[in-house]
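Residue-level structure breakdown
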Amino acid sequence: MAYSDKLIEHYENPRNMGSLDKNAEDVGTGLVGAPACGDVMKLQLKINDDGIIEDAKFKTFGCGSAIASSSLVTEMVKGKSIDFAEGIKNTMIAEELALPPVKIHCSVLAEDAIKAAIADYRKKQAERAATPSE
Amino acid sequence: MICWKCHERLSSLRCASCGALVPPPAQPELFGALGLDRRYHVEAEAIDGAWRRRSKDTHPDRFAASSAVERRMALQWTATLNEARRVLRDPVARAWYLATGKPHPAESGGPKLSPEFLEEIFELRMAADDEPDAVRDTAAKLRARLDADLEDLFSRWERGEGDLSPVPERLSRLKYVDNLLRELPA
């Protein structure tokens, strides 16, 4: 089976690999796994007060498609609003990378990771709002 | 059961009287296809033996002179028996099959693993390059615990106690641990 050039390019030169401070108030972390293949994906978003994603980092232990999916998704959300990021569907990732049917779950993982990271950020913000600053 | 062709009483997959094959099941139960009991604890030799006995009765070469329908049935039996042997010989596939009716996890969905477990796997992955020996050690312990867990679940189930509902979650964990162990630097 032939993989697309775009997929191979993201796999060989992954964008935004690394990590952000998971304890920082403006960083949301999503850690998700795919039970079918045993892949784990960590995705982190640094979000400013205007709700803009200033930085995105990922670290994925899994197959090439999972790595390419997470790399692509960080590129898609950087500089965009939370709302935009929340609207990302796995089908956009799958189409962009021309994922074969057996690898569609990798794009689902990337969508789940973005959603988990945003949920974590929102939870932190709610906690911050609940604790009065001095 | 009686022979579909000559109505003789059957004692194997092939009629002793006219040589006709029992029609292959459309949705075969893999243990049943081999004439085995549904058990997790089964020796590879028992599976091979059952496969060999049944394959002898159904081998397509025996039906070279038979009708097209019977040749097709022989082929289908062969495919079913081969599939049953392949799946049931593999302990992980056998466990999935007993617990879910499928020899592998579903493509998506599946059991939800705890964030703590994912965190533990992720941390082990992060440490794999720097301290492979320590990671291998921890992973081996995780695996041993899961193996003991599965062993216990299936033993009790075979005695008629408890059910297999916790099995998919354990098998999913096993998958993460095995991937980690496989990809550790030597």
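Residues numbered from 1 in each chain as written. Chains lettered and ligands numbered in written order. Predicted model: local features only at pLDDT ≥ 70, side-chain atom pairs only at ≥ 80, totals over all residues. Heavy atoms only, no water.

**Structural notes on the overall build of chain B**
For chain B, the helix and strand inventory stands at seven helices and zero strands. When the helices and strands of chain B are placed in sequence order, the string is α-α-α-α-α-α-α. For the C-alpha atoms alone, the extent of chain B along its principal axes is close to 70 × 35 × 30 Å. Looking at chain B as a whole, 37% of its 186 residues are labelled buried. Taking as baseline every contact in chain B between residues at least 6 positions apart, the subset at least 24 positions apart corresponds to 62%. Charge-centre separation for chain B: the mean point of 29 positive side chains lies 10 Å from the mean point of 31 negative side chains. (Helix = DSSP H or I, 4+ residues; strand = E, 2+ residues; numbered from the N terminus. Buried < 20%, exposed > 50% of the residue type's maximum accessible area, 1.4 Å probe, protein only. Contact = heavy atoms within 4.5 Å. Lys, Arg positive; Asp, Glu negative; His and termini not counted. Charge placed at Lys NZ, Arg CZ, Asp CG, Glu CD.)

**Some remarks on the pattern of salt bridges**
Residues and elements named next belong to chain B. Summed over the entire model, instances satisfying the criterion amount to 28 salt bridges over all chains. Arg 143 is the partner of Asp 178 in a salt bridge, and the nearest nitrogen-oxygen pair spans 2.6 Å. On the criterion of sequence distance, the pair formed by Asp 178 in helix α7 (residues 167–182) and Arg 143 in helix α6 (residues 132–158) is long-range, its members being 35 residues apart. Residue class for Arg 143 comes out partly exposed when judged on its relative accessible area of 22%. Via salt bridges that share partners, Asp 149, Glu 169, Arg 170 and Arg 173 belong to a single interconnected network. (Salt bridge = Lys/Arg side-chain N within 4 Å of Asp/Glu carboxyl O.)

**Digging into helix α2 (residues 64–77) of chain A**
One turn of an α-helix holds 3.6 residues; hence residues three or four places apart share an orientation. All names here are of chain A. Relative to the 20 Å expected for 14 residues at 1.5 Å per residue, α2 spans 20 Å between its end C-alpha atoms, a close match to the ideal helical length. When you tally the buried positions in α2, you get 12 out of 14 residues, the bulk of the element. Taken together, the buried positions of α2 are Ser 65, Ala 66, Ile 67, Ala 68, Ser 69, Ser 70, Ser 71, Leu 72, Val 73, Thr 74, Met 76 and Val 77. Buried positions along α2 lie against α1 (5–12), β2 (39–47), β3 (53–61), α3 (82–86), α4 (90–97) and α5 (104–130). Directly beyond the C-terminal end of α2, a positive phi value near 80° is found at Gly 79. (Expected span 1.5 Å × (residues − 1).)

**Quick word on the nonpolar core**
Residues and elements named next belong to chain B. Leu 34, Leu 88 and Phe 154 are the most contacted members of the largest nonpolar core, which has 54 residues in total. A domain split of this core shows at least three residues from each of domain 1 (1–89) and domain 2 (115–183). The contacts of Phe 154, once residues within four sequence positions are left out, are Tyr 40, His 41, Ala 95, Leu 98, Leu 164 and Val 167. (Core = buried A, V, L, I, M, F, W, Y, C linked by side-chain atoms within 4.5 Å. Domains from an automatic or database assignment.)

**Side note on the pairing of β3(A)**
Note: β2(A) against β3(A), eight bridges, orientation antiparallel. Each bridged residue has a counterpart across the sheet, and for Met41(A) the counterpart in β3(A) is Thr60(A). (Pairing = 2+ DSSP bridges.)

**Some remarks on the environment of Lys56(B)**
Within the secondary structure layout, Lys56(B) lies in helix α2 (residues 44–58). Taking the C-alpha atoms as reference points, Lys56(B) and Trp157(B), separated by 101 residues in sequence, lie 33 Å from one another.

**Comments concerning the sheet that holds strand β1 (residues 27–34) of chain A**
If you walk across this open sheet you meet the three strands as β1-β2-β3 (chain A), and the pairing is antiparallel. Two strands bound the open sheet, and with one partner strand each, they are β1 and β3 of chain A. Direction aside, neighbouring strands of the sheet carry axes that sit 15° apart on average. Where helix α5 (residues 115–127) of chain B meets the sheet, it contacts β1, β2 and β3 of chain A, and its direction lies at approximately 95° from that of β2(A). (Axes fitted to C-alpha atoms, helices over the stretch in contact; angles between N-to-C directions.)

**Considerations on the packing of α5(B) against α6(B)**
A pair of packed helices can be characterised by two numbers: the angle between their axes and the separation between those axes. Residues and elements named next belong to chain B. Where α5 meets α6, the axes come as close as 9 Å, and the angle between the chain directions of the two elements is 150°. Judged by the inter-axis angle, α5 sits roughly antiparallel to α6. α6 is crossed by α5, and the crossing has left-handed handedness. For the pair formed by α5 and α6, the contact residues are Glu 120, Leu 124 and Ala 127 on the first element and Pro 132, Val 135, Thr 138 and Leu 142 on the second. Tallied by class, the residues present in the contact of α5 with α6 amount to five nonpolar, one polar and one charged. (Parallel < 35°, antiparallel > 145°, perpendicular 65-115°, else oblique. Left-handed = near helix turned anticlockwise from the far one by under 90°. Nonpolar A, V, L, I, M, F, W, Y, C, P; charged D, E, K, R; others polar.)

**With respect to the pairing of β2(A)**
With eight of nine residues buried, β2(A) is to be regarded as a mostly interior element. Linkage of β1(A) to β2(A), two consecutive antiparallel strands, is achieved through a turn of four residues, within which Gly38(A) is found at a positive phi near 80°.

**Observations regarding the domain arrangement of chain B**
All names here are of chain B. According to the domain assignment, chain B contains domain 1 (1–89) and domain 2 (115–183). If you look at the interface, domain 1 gives four residues, while domain 2 gives five residues. At the junction of domain 1 with domain 2, the criterion picks out one salt bridge. Taken together, domain 1 and domain 2 are joined by four residue pairs in polar contact (both at pLDDT 80 or more). (Polar contact = N/O pair within 3.5 Å; in protein donor to acceptor, adjacent residues only side chain to side chain.)

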